[in-house]
Amino acid sequence: MFDGEVSIGVVAPGGRYVDIIIASNVPVQSITLSETSKILNVGNSFTLSPNFTPSNATNQAGTWSSDNSSIATVNQSGLVTAIGAGATTIKFTTTDGGKVGSCAVTVEAIDNVKPVITLSGANPLYIEQGGVYTEPGYSATDNKDGNITANVQITGNIDVNVPGVYYKYYNVADAAGNQAEQKTRTVIVSEAADTEKPVITLSGANPLYIEQGGVYTEPGYSATDNKDGNITANVQITGNIDVNVPGVYY
């Protein structure tokens, strides 16, 4: 026998004893909802349901309501829909006894703000051939997620042994999926400084002897450089020789 039921013993014809159970009204003592708090984005929805105490309360009817329908609405099936940013309370009030169950609902605006990436250090960044690339640094912040620097993805390869222009690309997205504007760092690898002197090689006799009144004929020369190769054409020759006057000339 359940709460609210009454058992009456009756003697039936023929002397047989019969229990007759009569159900009486079982009042609602209290009410709770399936959730006590909920966070939603604008446009999202969820369903609440009432839990009666006792569970066999006779009248389990009631009315759903929202303290602020501009933030969240609720229909009479318990479907809650987020309308605008803010906080409100969804309530279920029982018909029997006016008991109230509630759920605090917080509605957040849809996050459509992109995170921002900031590059530190030089841009463009110059490296001498054979040097080392050291990341100058970067940061990323988001209006909702705060510091998301750890989530930044960096792509792009640099060969410090080969002179040229290289690029590093920086990207990040926030928890809502908003993609930051890509940042690019230009890295210029320049040729190593040339500190090696070119070499001039003289051909023929040195010293060179000419008889007075003879003719000076250049025996020849060449010039090479570790970077520029053959630069013989750039050699500048100075000094005068008077073949008619005996002496030492350079």
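Quick caveat, the model's predicted, so the values are computed rather than measured. (Residues numbered from 1 in each chain as written. Predicted model: local features only at pLDDT ≥ 70, side-chain atom pairs only at ≥ 80, totals over all residues. Heavy atoms only, no water.)

Draft legend 1. The sheet that holds strand β15 (residues 146-147), seen in detail. The strand order β12-β14-β15 describes an open sheet built from 3 strands, whose pairing is antiparallel. The open sheet has two free edges, formed respectively by β12 (116-119) and β15, since each of these has just one partner strand. Strand direction decides the pairing type here: β12 and strand β14 (residues 138-142), joined by 4 bridges, are antiparallel. Bridge pairing links T118 to S139 in β14. (Pairing = 2+ DSSP bridges. Helix = DSSP H or I, 4+ residues; strand = E, 2+ residues; numbered from the N terminus.)

Draft legend 2. Representation of the packing of aromatic side chains. Considering all chains together, one arrives at 4 aromatic pairs under this definition. Aromatic pair F52 and F92: ring centres 6.1 Å apart, planes at 90 degrees, arrangement edge-to-face. Here F52, found in strand β6 (residues 50-53), pairs with F92, found in strand β10 (residues 86-94); they are 40 residues apart in sequence, far enough to count as distant. Across this residue pair, the class does not change: F52 and F92 are buried. One aromatic cluster in this structure is built from F52, W64 and F92. (Phe/Tyr/Trp six-rings, centres within 6.5 Å; stacked < 30°, edge-to-face > 60°. Buried < 20%, exposed > 50% of the residue type's maximum accessible area, 1.4 Å probe, protein only.)

Draft legend 3. Highlighting unusual backbone geometry. Here T53 and P54 are connected by a cis peptide whose omega angle stands at -5 degrees. Checked against the element boundaries, P54 lands in the loop between β6 and β7 (62-66). For the bond running from N206 to P207, omega is 15 degrees, close enough to zero to count as cis. Along the chain, P207 falls in the loop between β19 (199-202) and β20 (221-225).

Draft legend 4. Layout of the pattern of salt bridges. Scanning all chains against the criterion turns up 4 salt bridges. Among the salt bridges present, the one from K38 reaches E35, with a minimum N-O distance of 3.8 Å. On the basis of relative accessible area, E35 is assigned to the partly exposed category, the value being 27%. Residue E135 is joined to R185 by a salt bridge in which the shortest nitrogen-to-oxygen separation is 3.1 Å. (Salt bridge = Lys/Arg side-chain N within 4 Å of Asp/Glu carboxyl O.)

Draft legend 5. Broad picture of the sheet that holds strand β17 (residues 164-171). Read across the open sheet, the 4 strands follow the order β13-β18-β17-β16; overall the sheet is mixed. Only two strands of the sheet have a single neighbouring strand rather than two, namely β13 (125-128) and β16 (153-155). Strand after strand, the sheet turns through a mean of 25 degrees between neighbouring axes, direction not considered. Here β16 runs beside β17; their pairing, made up of 3 bridges, is antiparallel. Bridge assignment links Q153 to a residue of β17, and that residue is N171. (Axes fitted to C-alpha atoms, helices over the stretch in contact; angles between N-to-C directions.)

Draft legend 6. Up close: the side chain of K168. With respect to the helices, strands and loops of the structure, K168 is situated in strand β17. E135 provides the closest opposite charge to the buried, salt-bridge-free K168, at an N-O distance of 6.0 Å. Among the polar contacts made by the side chain of K168, one reaches the main-chain carbonyl oxygen of G156 at a distance of 2.9 Å. Those residues in contact with K168, other than ones at most four positions away along the chain, are Y133, I154, T155, G156, I158, K183, T184 and R185. (Lys, Arg positive; Asp, Glu negative; His and termini not counted. Polar contact = N/O pair within 3.5 Å; in protein donor to acceptor, adjacent residues only side chain to side chain. Contact = heavy atoms within 4.5 Å.)

Draft legend 7. Inspection of the nonpolar core at higher detail. The biggest cluster of nonpolar side chains holds 19 residues, and the ones touching the most others in it are F46, L48, W64, V80, I90 and V105. For this core, the elements supplying multiple residues, two or more each, are β3 (30-33), β8 (72-74), β9 (79-82), β10 and β11 (100-108). The dominant element in this core, judged by the number of residues it contributes, is β11, at 3 residues. With residues near it in sequence (within four places) discarded, F46 still touches E35, K38, L40, G78, L79, V80, C103 and V105. Among the nonpolar cores identified, the runner-up in size contains 14 residues, and V160, V172, A180 and V187 belong to it. (Core = buried A, V, L, I, M, F, W, Y, C linked by side-chain atoms within 4.5 Å.)

Draft legend 8. Summary view of a nonpolar patch on the surface. Among the surface-exposed residues, L208, I210, Y216, I241, V245 and Y249 lie close enough to one another that they form a single nonpolar patch of about 470 Å² accessible area. Looking at the element boundaries, I241 is found in the segment after β21 (229-230). (Patch = residues over 30% accessible without salt bridge, like charges linked within 9 Å, V, L, I, M, F, W, Y side chains within 5 Å. Areas by Shrake-Rupley, 256 points an atom, 1.4 Å probe, with all protein chains shown as cover.)

Draft legend 9. Structural view of the side chain of D96. By the element assignment, D96 lies in the loop between β10 and β11. We note that D96 is buried and unpaired, the nearest opposite charge coming from K99 at a distance of 8.0 Å. Within the structure, the side chain of D96 is placed 3.0 Å from the backbone nitrogen of V28, a separation counted as a polar contact. Residues within four places of D96 in sequence aside, it is in contact with V26, P27, V28 and N59.

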